[in-house]
Every structure is written in structure tokens, then in C-alpha cells.
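Architecture and fold: a report
What follows is the residue order along each chain.
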Amino acid sequence: MDPRQFEAWHRRSKARADMLGNLLIEAFHYLALFVIGASIVWSAVVAYAGMMLQGHATIGDILLLFIYLELGAMVGIYFKTNLMPVRCLIYIAITALARLLIADIQAHHQADMGILLVSGGVLLLALATRIIRKPTDEA
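Position numbers for residues start from 1 in each chain and track the written sequence from start to end. At least 70 in pLDDT is required for a residue's local features to be given in this predicted model, at least 80 for side-chain atom pairs to be given and counted, and no such filter applies to totals for whole chains, interfaces and linings, which use all residues. The side-chain numbers reported here are obtained from all heavy atoms of the structure, hydrogens and water having been left aside.

Another point: the nonpolar core. The criterion is simple. A nonpolar core is a set of buried Ala, Val, Leu, Ile, Met, Phe, Trp, Tyr and Cys residues joined through side-chain atoms within 4.5 Å. Exposure classes here rest on a 1.4 Å probe applied to the protein chains alone. A residue is buried below 20% of its type maximum, exposed above 50%, and partly exposed in between. Core analysis: the biggest nonpolar cluster contains 8 residues, these being L33, I40, A44, A47, M51, L64, Y68 and V75. Numbered from the N terminus, helices here are DSSP runs of H or I no shorter than four residues, and strands are runs of E no shorter than two. Counting only elements with at least two residues in this core, the list comes to α1 (3-54) and α2 (59-81). In terms of residue count, α1 provides more of this core than any other element does, 5 residues in total. Among all residues touching I40, those that are not within four sequence positions of it are Y68, L71, G72 and V75. Whether two residues touch is decided by their heavy atoms; if any such pair falls within 4.5 Å, the residues are in contact.

A surface patch of nonpolar side chains, amounting to about 370 Å² of accessible area, comprises I59, I62, F66 and L69. By the secondary structure assignment, F66 is in helix α2. Patch membership requires more than 30% relative accessible area and the absence of a salt bridge. Residues of like charge join within 9 Å; the nonpolar side chains Val, Leu, Ile, Met, Phe, Trp and Tyr join within 5 Å. What sets the accessible areas is the Shrake-Rupley method with a 1.4 Å probe; for residues, cover comes only from the shown protein chains. For this analysis, a salt bridge means a side-chain nitrogen from Lys or Arg found within 4 Å of a carboxyl oxygen belonging to Asp or Glu.

Once that is clear, we can look at the pattern of salt bridges. Side chains bearing opposite charge may pair, as long as their charged atoms lie close to each other. Counted according to the given criterion, the structure contains 2 salt bridges. Among the ionic pairs, E7 bridges to R11, the shortest N-O distance being 3.1 Å. Note that E7 and R11 are positioned in helix α1 at a spacing of 4 residues, about one turn of the helix. E7 gets classed as partly exposed once you look at its relative accessible area, which sits at 47%.

Turning to the side chain of T129, a few remarks are in order. Along the polypeptide, T129 turns up in helix α4 (residues 113-131). Non-local contacts of T129, meaning those with residues more than four positions away in its chain, are made with R87, I90 and Y91.

Let's shift gears to the environment of E26. Looking at the secondary structure, you find E26 in helix α1. Given a relative accessible area of 41%, E26 falls into the partly exposed group. Residues E26 and M52, spaced 26 residues apart in sequence, show a C-alpha to C-alpha distance of 39 Å.

Here, expected helix span is obtained from the residue count minus one, scaled by 1.5 Å. Its 19 residues place the ends of α4 27 Å apart at the C-alpha level, agreeing with the 27 Å of an ideal helix rising 1.5 Å per residue. Taken together, the buried positions of α4 are occupied by I115, V118 and T129. Viewed along the axis of α4, the buried residues span an arc of 70°, placing them on a single side of the element. Structural note: α4 exposes M113, L116, L117, L123, L124, R130 and I131 on the side pointing more than 90 degrees away from its buried face. The inward-facing, buried residues of α4 abut α3 (86-108). Along the arc lie the directions from the helix axis toward the C-beta atoms.

It is worth spelling out the UniProt feature "transmembrane region" (unreviewed entry) in the protein at this point. UniProt positions are given in the numbering used here, feature names are shortened, and annotations may be inferred rather than shown by experiment. Per the UniProt record, the feature "transmembrane region" (unreviewed entry) sits at residues 27-50, 62-78, 84-102 and 114-132. This span, residues 27-50, is 100% helix and 0% strand, and a straight line between its end C-alpha atoms measures 34 Å. Across residues 84-102, helical content stands at 89% and strand content at 0%; the span's end C-alpha atoms are separated by 29 Å.

This is how it looks when you write it as C-alpha cells:
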């Protein structure tokens, strides 16, 4: 095999390997998104069933359902755009901290340094959503 033939064969082989690799990565990507989405739905259904068996839902339970909703939206956005929606993660963190804050106040019924720290975390995350620009924002 002369060098030109070898080089052409090498280019074709590399192109095929790249195509196969991209196909496998994309298949894994979609499979992982479906598994994550199904896990979110499953967890939300189990949480909701627990609320139904309990006979009522607390504000913490409702906030947990909002967390599941945001996680589902985040997976949907990532599925459609292949972009990680960082703002969704921040919203989830704010909701989780609000849930923690409510649970702490309900359990202890007193103001302490922990409430102040969690409130400061919520404030920092809220400021972060103002700093992080949406992808459609112009510079």
C-alpha cells in the first residue's frame, strides 16, 4: 500500500470511528436524560403518594413538588437545547433553602444564626440569578 492510499484509508477509518463515537455519545446522552427524567417523575409520584396517605400536604411538601417540577423543566430544557440551564439549578437551590428554612422554623420556633445564614444564602442565590444572563440576552 503506497502512502497516499494509506493516508486515504486512515482518513476514512478515522471518519467512521468519529461517526460511531458521536453516535454512541448521543445515545448515552439521550438514555441518561430519559433515566434522569423517569427518576424525577418516579420520585415526585412517590412523594405525592406519601402526601395522599398522610391526608394533607405541608408547605415543605409543596415546595418539594416545586423542586421536582424545576428538575423536570431543567431536563426538558437540556434535552431540547443541549445547554445546561444554570438558572434552573439556582432556582432549585433557592426552593430547597426555603424548604429548609420553613422546616427549621417549624421545628425550633426560634430565631438563631442558622436562619440568618440560610436567608443570606437565598439572597446570594437571588443575586446570582440577576448576574447570570439568559442565553438570549445581548451583551
